[in-house]
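Chains, contacts and geometry: an overview
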Amino acid sequence: MVKKRNILEYIIKDLEQKMVFIGGPRQVGKTTLSTRLISEYFKKISYLLWDNREDRKKILDYRFDFESELLVFDEIHKYKNWKNHIKGIYDKFKEKYKIIVTGSSRLNIFRKGGDSLQGRYHYHTLFPFSYCELENNRKKELEINNLLSFKSGCSRSVFKDLYNYGGFPEPLIKQNEIFLRRWHNEKLERLFREDIRDMENIKDINSLKLLSDFIPERTSSLLSLNSLREDLSVSHKSVAKWIDILDSFYYTFRIYPYASKTYKSLKKEPKLYLYDWSEIKDEGKRFENMIAVHLLKFTNFLYENYGYKTRLNFLRDIEKREADFLVSVDDKIWFSAEVKLNDIEVSPNLKYFNKKLNITQSYQIVFKKDIDIYKDGVRVISCDKFLTGLI
């Protein structure tokens, strides 16, 4: 059985108005979403993969199945002139076909290929499975800036499966350690040898691959480009470019320190995370990374589907006090969060920032089960219960 994704109904609505672009990590389920899951809404779908020779010819020649209602173009961004070509297809056939474009790079910021397509598409990001998706805990309405709403009776086994195997469909379904290790190797090999090589002019692909070997142990920490430059024996410019590339292909993402008109962060270095937390061996780092992906998915969902200007940051000051996460909407702080494996004593740093920034909603998320207590204005809550408050 194929699980529904929480962005499906929003994609259907957006297709009534414009094209839909779907970006996300390699093997996160974009093809399944844009063909199998969406099939109940259309009588016939044409799926066209740019890497397939026959499909490529059809795309270039504008030869599409007349009976189809939906055209799905996968990885067409590998074509140098893809934006102008998609623009031509949309302008010519928008009354006949609905159009979805999918890819494992950020289609909305990719600048090669001419026309920006502004005003012709809506963008959706497909993230790894979240706890709420697996539990079918879908919210009809999200109350922005109000208290997060949690559910009781959470499935601990679902959370542990996510923690152990990550949110990517194939290893999550298999739940086999040997399969997971082989899947990691194959995914990374294809990412570097196929996707990035096809899109970027990288002469030293082996050093970029070596960079990916260093990243899992450095997640949840401040990103030091100088340290990576020394380990790889390459220039600062090269490392900075490579991290940008890994971000653009949804392998890594960065969270930056919070700053506002009334609060200036003296540290500008971001923290680095992976979309696939199952690559991380350290338990504490894996747990924090898993929460980071869920929060990023939550804030991104609100931005793409509701238009709220959401931000996910962390807090850090000159005294090196730090709190893991801060979520704000339209420049108004919503809630803060600290992640702990076992410590249910409220973090002094979290209390400090809550007082300094007048944060009224704050959580300490712990790995332990069956924890939900208030201490010093902070709700100390089990991870599985906290995740029911997101999407």
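The numbers attached to residues start from 1 for each chain and follow its sequence in the written order. With pLDDT at 70 or above as the cut-off, local features in this predicted model cover only qualifying residues; side-chain atom pairs require 80 or more to be listed or tallied, and sums for whole chains, interfaces and linings still use all residues. Remark: hydrogens and water are excluded; side-chain values derive from all non-hydrogen atoms of the structure.

Description of the sheet that holds strand β12 (residues 372-375)
Formally: Note on pairing: DSSP must find at least two bridges between two strands before they are called paired. Secondary structure counts use DSSP, requiring at least four H or I residues in a row for a helix and at least two E residues in a row for a strand, with both numbered from the N terminus. Helix axes use the C-alpha atoms of the stretch in contact, all axes being lines fitted to C-alpha atoms, and the angles between their N-to-C directions lie in the range 0 to 180 degrees.
Across the sheet, which stays open at both edges, the eight strands sit in the order β7-β6-β8-β9-β10-β11-β13-β12 with mixed pairing between neighbours. Both outer strands of the open sheet, β7 (271-274) and β12, are each paired with one neighbouring strand and no more. The mean angle between the axes of side-by-side strands here comes to 30°, regardless of whether they run parallel or antiparallel. Judged from the five bridges that link them, strand β9 (residues 322-329) and strand β10 (residues 332-340) form a sheet pairing that is antiparallel. Considered in β10, the bridge of Leu 326 is made with Ser 336.

Some remarks on the packing of helix α6 (residues 156-165) against helix α12 (residues 283-306)
Helix-helix packing is described using two parameters, namely the angle between the two axes and the distance between the axes. Definition in use: The cut-offs work like this: below 35 degrees is roughly parallel, past 145 is roughly antiparallel, 65 to 115 is roughly perpendicular, and the gaps in between are oblique. A contact between two residues is defined here by any heavy atoms of the two lying within 4.5 Å. Under the convention adopted here, Pro, Cys and the residues Ala, Val, Leu, Ile, Met, Phe, Trp and Tyr are nonpolar, Asp, Glu, Lys and Arg are charged, and Gly plus all remaining residues are polar.
Where α6 meets α12, the closest approach of the two axes is 10 Å, and the angle between their N-to-C directions is 110°. With respect to each other, α6 and α12 are oriented roughly perpendicular. Here Phe 159, Leu 162, Tyr 163 and Asn 164 of α6 lie close against α12, whose contacting residues are Glu 283, Arg 286, Phe 287, Met 290 and His 294. The residue inventory of the contact of α6 with α12, partitioned by class, reads five nonpolar, two polar and two charged.

Some thoughts on the layout of surface pockets
The condition is simple: Here a cavity denotes grid points, spaced 1 Å and computed from the protein atoms alone, that fit a 1.4 Å probe unable to get out, and a pocket denotes an open set having protein on both sides within 12 Å along at least 5 of 7 lines; residues with an atom within 4 Å of a point are the lining. Grid points are joined across faces, edges and corners, and a volume is the space filled by probe spheres set on the points.
Roughly 780 Å³ of volume is contained in the second largest pocket. For the second largest pocket, the lining is made up of 33 residues, of which Val 28, Gly 29, Thr 32, Pro 169 and Glu 170 are closest to its centre. The set of elements that each furnish at least two residues to the lining of the second largest pocket consists of α2 (30-37), β2 (45-49), α6, α7 (169-174) and α8 (177-199). Element by element, the count of residues in the lining of the second largest pocket is highest for α2, at six residues. Per-class residue counts for the lining of the second largest pocket are 14 nonpolar, six polar and 13 charged.

Some words on the pattern of salt bridges
Cut-off, in case you're wondering: Only one rule defines a salt bridge in this text: a Lys or Arg side-chain nitrogen within 4 Å of an Asp or Glu carboxyl oxygen. Relative accessibility under 20% of the residue-type maximum defines a buried residue, over 50% an exposed one, and the middle range a partly exposed one, all with a 1.4 Å probe and only protein chains included.
Tallied over the full model, the rule gives 33 salt bridges. Note that Lys 271 and Glu 322 form a salt bridge whose closest N and O atoms lie 3.1 Å from each other. Placement of Lys 271 in strand β7 and of Glu 322 in strand β9 is noted, with a sequence separation of 51 residues between them. For the residue pair Lys 271 and Glu 322, the accessibility class agrees, reading buried in each case. By sharing partners, the salt bridges in this structure join Arg 26, Asp 51, Lys 78, Glu 194 and Asp 195 into a single network.

Considerations on the environment of Phe 21
One can find Phe 21 in strand β1 (residues 19-23). Sequence separation of Phe 21 and Tyr 121 is 100 residues, and the distance between their C-alpha atoms is 6.6 Å. In contact with Phe 21, not counting residues within four places along its chain, are Trp 82, Ile 86, Val 101, Leu 107, Leu 117, Tyr 121, His 122, Tyr 123 and His 124.

A word on the packing of helix α10 (residues 225-232) against helix α11 (residues 236-248)
One way to put it is that α10 packs onto α11 with a least axis distance of 9 Å and a crossing angle of 110°. Between α10 and α11, the angle is such that the two are roughly perpendicular. Contact residues: Leu 225, Asn 226, Leu 228, Arg 229 and Leu 232 in α10; His 236, Val 239, Ala 240, Trp 242 and Ile 243 in α11. Residues belonging to the contact of α10 with α11 are distributed by class as follows: seven nonpolar, two polar and one charged.

Overview of unusual backbone geometry
Of note, Asn 145 is a non-glycine position whose phi angle comes to about 70°, a positive value. Along the chain, the position of Asn 145 falls in the loop between α5 (131-134) and α6. Unusually for a residue other than glycine, Ser 233 sits at a positive phi of about 55°. With respect to the secondary-structure elements, Ser 233 resides in the loop between α10 and α11.

Purely geometric stuff here, so don't read any function into it on its own.
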